[in-house]
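# Descriptive analysis of the structure
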Amino acid sequence: MDGLAWDTAQPRESVLCRIVCESAAVTVAVRRTGNGARLQLTSERSGLRVLLDATVLDALCALTPDRAAELVRASTERVTEVPV
């Protein structure tokens, strides 16, 4: 799963789990790329996807609860805005 090469016999994506709460559902998968494994998050509500490498995941570990709440607030306000 790690390293720079991807073995074509292995699937490029392996779904790990689905995380659900009252306001969101996200599918979590490991996606193999030419630069190693990435965590792929897919929002079932919006269809948006993101690939996160270890550097981004490490940075997320440093978020304070207040900072995480700011990110959630900014994201939900952007998605729920209605164009005029």
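Residues numbered from 1 in each chain as written. Predicted model: local features only at pLDDT ≥ 70, side-chain atom pairs only at ≥ 80, totals over all residues. Heavy atoms only, no water.

## Notes on the sheet that holds strand β3 (residues 36–43)
- With respect to topology, four strands assemble into an open sheet ordered β1-β2-β3-β4, the strand pairing being antiparallel. Each having just a single partner strand, β1 (13–20) and β4 (49–52) make up the two edges of the open sheet. Taken over all neighbouring pairs, the strand axes of this sheet differ in orientation by 25° on average, direction set aside.
- Across four bridges, the pairing between β3 and β4 is antiparallel. Bridging from a neighbouring strand, Q40 pairs with L51 of β4. (Pairing = 2+ DSSP bridges. Helix = DSSP H or I, 4+ residues; strand = E, 2+ residues; numbered from the N terminus. Axes fitted to C-alpha atoms, helices over the stretch in contact; angles between N-to-C directions.)

## Observations regarding the pattern of salt bridges
- Using the criterion set out here, one finds three salt bridges in the structure.
- Linking E13 and R31 is a salt bridge whose minimum nitrogen-to-oxygen distance equals 3.3 Å. Placement of E13 in strand β1 and of R31 in strand β2 (residues 25–33) is noted, with a sequence separation of 18 residues between them.
- Classification of E13 as partly exposed rests on a relative accessible area of 31%. (Salt bridge = Lys/Arg side-chain N within 4 Å of Asp/Glu carboxyl O. Buried < 20%, exposed > 50% of the residue type's maximum accessible area, 1.4 Å probe, protein only.)

## Digging into the pairing of β2
- One ladder, built from seven bridges, connects β1 with β2; its direction is antiparallel. Across the sheet, E13 pairs through a bridge with R31, a residue of β2.
- Turn length for the β1-β2 hairpin, with the two strands adjacent in sequence and antiparallel, is four residues.
- Here β2 runs beside β3; their pairing, made up of eight bridges, is antiparallel. Bridging across to β3, R31 finds its partner in R38.
- Following β2, the chain reverses through two residues before pairing antiparallel with β3.

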